[in-house]
Amino acid sequence: MIRRMNLRLCALGILASLLLPTGCKKPEESGTASGTGVGSDTIPVGEYASLTGKEAAFGQSSHKGTELAVEDLNKAGGVLGKKINLITEDTQSKQGESTTGVRKLVSRDRVVAVLGEVASSRSLEGGSICQKEKIPMISPSSTNPRVTQVGDYIFRVCFEDVFQGKVLATFGKDSLKLKNVAILSDAASAYSQGLGDYFEAQFKKDGGQIAAQQKYNGGDKDFRAQLTAIKGANPDGIFVPGYYTDVGLIVSQARQLGITMPIWGGDGWEAPQLIEIGGEALKNTYYSTHFYYQSTDPKVKDFVDRFKAKYNEIPDAMAALGYDSAMVLADAMKRAGTTESQKLRDAIAATKDFSGVTGKTTIDQNRNASKPAVILTVENGKFKLLESVPPEAVH
């Protein structure tokens, strides 16, 4: 009797399982992980950024700008009748973490697009995943040309290093009046090596000479050996295409060794922490970047005011570019009328004269943006604008 009852219960269990709705699948199987998948009333957008680790100031700043953009969009009713759900992965400033994070965003969270990263090396990692899966990706501030060369789904809203290298070479020659300089670059950074190469090519083309070249590994704490070798070569300036965490120490140690000549570099210097690390040693230093918070442009002033109100700090270029990357994506969604990957990709590629806080964004045939650069210096513990360089001024 018990055996017959068990058989009946088993049969009923099988029948019930056949009649159960598919919604009983695990979240990752039904495409609703984190409440953001297919059929959701939100649009899942991924972001990967260095929120921790040695370049955390970059990632946190970019993230805040992106976060503010999403907040603005959602307050205005969202996009295509839905709110944006920003899903962020921390790359920890480590090699390999971008691959892991972007894979999660694509396969687990089913994002329709990805924003990130700041560092070119990490954008190259994440970009390869997005290209393979045909998920549009917009880097806010990766300047190495190879980033968008990964494929036709990869974009940027900042200038690239070919332009930046020329700007910095011309600034060194014409504004600083330098003729014989040294280059100190990060051997492990695609950004640093690329920018150093473009700078060198233009500086030599303009008649300058390279007195010495030295390399370090990002995260090093002692740069005295390289700086001593550079000092021995007797240059009249030092070009350092590095990130603020290393640059602050490099400048401080250079001054301790009696090196008082101009030291300058690119947008990797852009972070308030540069002043915290370098302090008074930053006198006679300069760098190029994408944005200056004291611009008289009403759009910039409004952005700065709202950013300060939300985060109690002044936005830098990474924050501004993070904001613009999200806004360019939202604009493309509206024009596409859908988040389907191919149509969204095509809409991003067709972006023309989009007015943002870092200027007008037009995406060219190579998925790059043509933008002006600004040159800043440090004076009395604050960043000060020296000059602005439009794209057409550099050839």
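Every value quoted in this text rests on a predicted model; they were computed, and no experiment measured them.

About the thresholds
- Residues numbered from 1 in each chain as written.
- Predicted model: local features only at pLDDT ≥ 70, side-chain atom pairs only at ≥ 80, totals over all residues.
- Heavy atoms only, no water.
- Helix = DSSP H or I, 4+ residues; strand = E, 2+ residues; numbered from the N terminus.
- Buried < 20%, exposed > 50% of the residue type's maximum accessible area, 1.4 Å probe, protein only.
- Contact = heavy atoms within 4.5 Å.
- Areas by Shrake-Rupley, 256 points an atom, 1.4 Å probe, with all protein chains shown as cover.
- Pairing = 2+ DSSP bridges.
- Axes fitted to C-alpha atoms, helices over the stretch in contact; angles between N-to-C directions.
- Expected span 1.5 Å × (residues − 1).
- Right-handed = clockwise from strand over helix to strand, strands pointing away.
- Salt bridge = Lys/Arg side-chain N within 4 Å of Asp/Glu carboxyl O.
- Core = buried A, V, L, I, M, F, W, Y, C linked by side-chain atoms within 4.5 Å.

**Student:** Lay out the overall build of the chain with the relevant residues and their values.
**Tutor:** If you tally the helices and strands in the chain, you get 14 helices and 14 strands. Projected onto its principal axes, the C-alpha positions of the chain cover 100 × 45 × 40 Å. Looking at the 395 residues of the chain, the share that counts as buried comes to 54%. Taking all contacts inside the chain whose residues are at least 6 apart in sequence as the whole, residues at least 24 apart take part in 68%. In the structure as shown, the chain presents an accessible area of about 17,300 Å², 51% of it carried by carbon and sulfur atoms.

**Student:** Before we move on, can you summarise the sheet that holds strand β7 (residues 209-216) with the specific residues and values?
**Tutor:** Taken together, the seven strands give an open sheet; going across it, the order is β7-β6-β8-β9-β10-β13-β14, and neighbouring strands pair in mixed fashion. Taken across any chain shown, the strands that pair with only one partner, and hence form the sheet edges, are β7 and β14 (382-389). Averaged over all neighbouring strand pairs, the angle between strand axes comes to 25°, with direction disregarded. Relative to β14, strand β13 (residues 373-379) runs antiparallel, the two sharing seven bridges. The partner of Glu379 across the bridge, within β14, is Lys382. In the packing of helix α8 (residues 190-205) onto the sheet, contacts are made with β6 (180-186), β7, β8 (237-239) and β9 (263-265), and the angle to β6 comes to roughly 165°. Across the sheet, helix α10 (residues 244-256) touches β6, β7, β9 and β10 (285-289), and the angle it forms with β9 is around 165°.

**Student:** Let's hear about helix α3 (residues 56-75): which residues, and what values?
**Tutor:** If you check α3, its first and last C-alpha atoms are 28 Å apart, about what 20 residues at 1.5 Å a residue would give, namely 28 Å. Most of α3 sits inside the fold, with 16 of its 20 residues counted as buried. Two residues or fewer past α3, Gly77 is found with a positive phi of approximately 105°.

**Student:** Which residues make up the sheet that holds strand β3 (residues 113-115), and what values do they have?
**Tutor:** With parallel pairing, the five strands of this open sheet are ordered in space as β2-β1-β3-β4-β5. Each edge of the sheet is formed by a strand with only one pairing partner; in this case those strands are β2 (83-90) and β5 (154-156). Ignoring which end each strand starts from, the neighbouring axes of this sheet average 25° apart. Note: strand β1 (residues 42-49) against β3, three bridges, orientation parallel.

**Student:** Describe the pairing of β6, naming the residues involved and giving the relevant values.
**Tutor:** With six of seven residues buried, β6 is to be regarded as a mostly interior element. Pairing geometry for β6 and β7, over seven bridges, is parallel. Bridge pairing in β7 links Ser185 to Lys215. The parallel pair β6 and β7 is bridged by α8, and the resulting crossover is right-handed. Pairing between β6 and β8: three bridges, direction parallel. Each bridged residue has a counterpart across the sheet, and for Ala182 the counterpart in β8 is Ile238.

**Student:** Got a sec to walk through the pairing of β13? Specific residues and values, please.
**Tutor:** Judged by how many residues are buried, β13 sits mostly within the fold: six of seven residues are covered. Relative to β13, β10 is paired through four bridges, and the arrangement is antiparallel. Within β13, the position partnered with Thr289 by the bridge is Val374. The turn linking β13 back onto β14 is made up of two residues, and Asn380 within it adopts a positive phi angle of 55°.

**Student:** Would you mind going over unusual backbone geometry in detail, with residue names and values included?
**Tutor:** Across the junction of Gly116 and Glu117, the peptide omega takes the value -10°, indicating a cis bond. By the element assignment, Glu117 lies in the loop between β3 and α5 (120-133). If you check the backbone angles, Leu80 has positive phi at about 55° while not being a glycine. Locating Leu80 in the fold gives a position in the loop between α3 and β2.

**Student:** Outline the pattern of salt bridges, supporting the account with residue identities and numerical values.
**Tutor:** Taken as a whole, this structure holds 17 salt bridges when the rule is applied. One salt-bridge network, held together by shared partners, links Lys54, Glu55, Glu117 and Arg122.

**Student:** Quick rundown of the nonpolar core? Include the residues and the values.
**Tutor:** Judged by nonpolar contacts, the single largest core of 56 residues is most densely connected at Leu184, Phe199, Ile238, Val240, Trp264 and Leu274. Core analysis: the next-biggest nonpolar cluster, separate from the first, contains 41 residues, Val79, Leu115, Phe303 and Phe354 among them.

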